[in-house]
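Structural features, examined
Residues per chain are reported as follows:
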Amino acid sequence: MSQYKSVKGMNDILPADVAVWQQLEECAAELFAGYGYSEIRLPIVEPTDLFCRSIGEVTDIVEKEMYTFTDRNDQKISLRPEGTASCVRACLQHGLLHKQTQKLWYSGPMFRYERPQKGRQRQFHQIGVEAFGFSGPDIDAELLMLTNRLWRVLGIDEHVTLQINSLGTLAARNEFKAELQSYLRAHEGELDEDSQRRLNSNPLRILDSKNPGTQTLLDAAPSLADYIDDESKHHFAELRERLDAAGVKYSVNSRLVRGLDYYSQTVFEWVTDSLGAQGTVCAGGRYDGLVEQLGGKPCPAVGFAMGMERLCLMLEQSKNAAAATSLDAYLIVPDNALHSSAQQIAERLRDDLPQLRLQLHCGGGSMKSQMKKADKSAAQLALIYGETEHASQSMTVKHLRDAGTEQHTLAVSELAEYLLPRIG
Ligand code: ATP
Ligand code: MG
């Protein structure tokens, strides 16, 4: 074994595991296109300031999870911990929000310096969706219907549930924050350590503390729902009506606050209990203030990000997981002197049958060892091109997975026609 290992928390995705990743990527891309969302591709590093300004200085991400460097020109840059900030930055930089709406999605690696465990890496992957320029609950509902449909397509819908909440406007939330803070200050000694630390910097985060003592204390605390402004209440009520009408099941979790500063009004999480502690597979909400905060004209926005590792784990556990696609045929060339002719035939077959999954044996070896490799490759057919076949410009076809079928020989010119109904 080599002395080199991947960086802790940054994993390889090996060939045997790639099929479910592709299944997730393909299903998501198709579905987004079907709802009118376009893909945007964003850089992996951004100026550090962008994240501090958007995510918030007193969040876990900015305080202790970012990978930050200075480049050779002493610029402070960070590996992106999430995609929303980059997406907003790109939209503003290229004028994409000028007198128009945008429905966008992106995917790729994100980086956070966290404690690695099942469903939690330092390099992980997200697929994110953002909609800009829509202020009504119609689009919030669309995003939830879209994700609900994705779980159905993937066959994991029975294992996820939706939690929603409204945070109200920033003003409403600030008023609540002050009340919560003064209530909790009076009970500071009873709070867990993390919550004590958050009491001054980010008291809302205390609401999603997992500590039982803290949760009991919160039962008697002021409730966010009592501070929500009327407009946000209407927004939330209409969202719920639309979800009910569409048959999207949810529960209202009044302690759902989300970790980032930029949310307002609707927030939501899709959670599962099939992954242990790391149960949130998709999370998001409305962030109407962020575009302006990053220097744009005010622009309502809503979006979510899903954790691909967690979804792939769920997919692997489900019976719907895609199997690795196998080869149609494995071309065996027992006499290496004929390999170049065989390669030309293979190339012509690829011209005629672009879908064909054909592996040409390379590297020589006996008929027996090549046959073993063909067998192991899980290909349906072995094609054998030996001296006899070369002399008559033919190919012997052997069905590897169907013992009942005799092997037979075909003219090379008839091969494409023979293979066509047998591929894919
Ligand atoms: P968590 O509470 O699990 O730390 P979060 O609130 O920090 O999640 P978001 O920033 O909302 O997560 O990211 C959206 C989704 O990305 C999460 O719901 C999760 O599925 C996934 N995710 C976040 N951090 C990680 C990570 N370190 N490893 C794997 N997946 C992650
Ligand atoms: Mg986190």
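Preceding block: the structure.
As the structure is a computational prediction, the values presented were derived from the model and not from experiment.

**Comments concerning the sheet that holds strand S12 (residues 329-332)**
- Here we have five strands laid out as an open sheet, ordered S13-S12-S14-S15-S16, and mixed in their pairing. Unpaired on one side and paired on the other, strand S13 (358-360) and strand S16 (408-411) mark the two borders of the sheet. Ignoring strand direction, the axes of neighbouring strands in this sheet form an average angle of 25°.
- Of the pairings in the sheet, the one linking S12 to strand S14 (residues 381-384) comprises four bridges and is parallel in character. Looking across to S14, one finds that Leu331 is bridged to Leu383.
- With respect to the sheet, helix H13 (residues 367-376) is in contact with S12, S14 and strand S15 (394-399), its orientation differing from that of S12 by roughly 170°.

**Let's talk about the site of ligand 1**
- Around ligand 1 sit 15 residues, and of these Arg112, Glu114, Gln121, Arg258 and Thr280 come closest.
- Within the side chain of Glu114, a nitrogen or oxygen atom sits 2.6 Å from a nitrogen atom of ligand 1.
- A distance of 2.8 Å is found between an oxygen atom of ligand 1 and a backbone nitrogen or oxygen belonging to Thr280.
- Summarising the interface, the protein chains cover 85% of the accessible area of ligand 1, which totals 580 Å² for the free molecule.
- Secondary structure elements with two or more residues in the shell around ligand 1: strand S6 (123-132), strand S10 (280-286) and strand S11 (301-307).
- Looking at side-chain class alone, the shell around ligand 1 contains five nonpolar, five polar and five charged residues.

**Considering the packing of aromatic side chains**
- Using the criterion set out here, one finds six aromatic pairs in the structure.
- Taking 5.5 Å as the distance between ring centres and 55° as the angle between the ring planes, the aromatic pair formed by Phe176 and Tyr227 counts as tilted. With Phe176 in helix H6 (residues 170-185) and Tyr227 in the loop between helix H8 (212-219) and helix H9 (230-246), the pair connects residues that are 51 residues apart, well separated along the chain.
- Of the residues examined, Phe176 reaches a relative accessible area of 1% and is grouped as buried.

**What about the pairing of S11?**
- The buried fraction of S11 amounts to seven of the seven residues, a majority that puts the element mostly inside the structure.
- Burial along S11 is two-sided: the residues Ala301, Gly303, Ala305 and Gly307 and Val302, Phe304 and Met306 are all buried.
- Note: S6 against S11, seven bridges, orientation antiparallel. Residue pairing in the sheet places Phe132 in a bridge with Ala301 of S11.
- Pairing of S10 with S11, which is carried by five bridges, proceeds in the antiparallel orientation. The residue bridging Ala283 from the neighbouring strand is Ala305, located in S11.

Cut-offs applied
- In this numbering scheme, every chain counts its residues from 1 along its sequence in written order.
- Labels follow written order: the first chain is A, the first ligand is 1, and so on.
- Local features in a predicted model are, by the rule used here, given only for residues with pLDDT of at least 70; side-chain atom pairs are given and counted only at 80 or more, and totals for whole chains, interfaces and linings are based on all residues.
- The basis for every side-chain value is the complete set of heavy atoms in the structure, and neither hydrogens nor water enter the calculation.
- The rule for pairing is simple: two strands pair if DSSP sees at least two bridges between them.
- Strands are runs of DSSP state E lasting at least two residues, helices are runs of H or I lasting at least four, and both sets are numbered from the N terminus onward.
- Fitted lines through C-alpha atoms give the axes, limited to the stretch in contact for helices. The angle between two N-to-C directions lies from 0 to 180 degrees.
- In what follows, residue pairs with any heavy atoms lying within 4.5 Å of each other are defined as contacts.
- For this purpose, a residue is taken to be near a molecule or strand whenever a single non-hydrogen atom of the residue falls within 4 Å of it.
- Between N or O atoms, a polar contact is any pair within 3.5 Å; within protein, one atom must be a potential hydrogen donor and the other a potential acceptor, and residues adjacent in sequence are included only when both atoms are from side chains.
- Per-residue accessibility takes into account occlusion by the displayed protein chains alone, with areas from the Shrake-Rupley method and a 1.4 Å probe.
- Asp, Glu, Lys and Arg are counted as charged, while Ala, Val, Leu, Ile, Met, Phe, Trp, Tyr, Cys and Pro are counted as nonpolar; the rest, among them Gly, fall into the polar class.
- In summary, the pairing rule links any two rings of Phe, Tyr or Trp, Trp by its six-membered ring, whose centres are within 6.5 Å, and it sorts them by plane angle into stacked for under 30 degrees, edge-to-face for over 60 and tilted for everything else.
- Per-residue accessibility, obtained with a 1.4 Å probe over protein chains only, is compared with the maximum for each type, and a residue is labelled buried under 20%, exposed over 50%, and partly exposed between these values.

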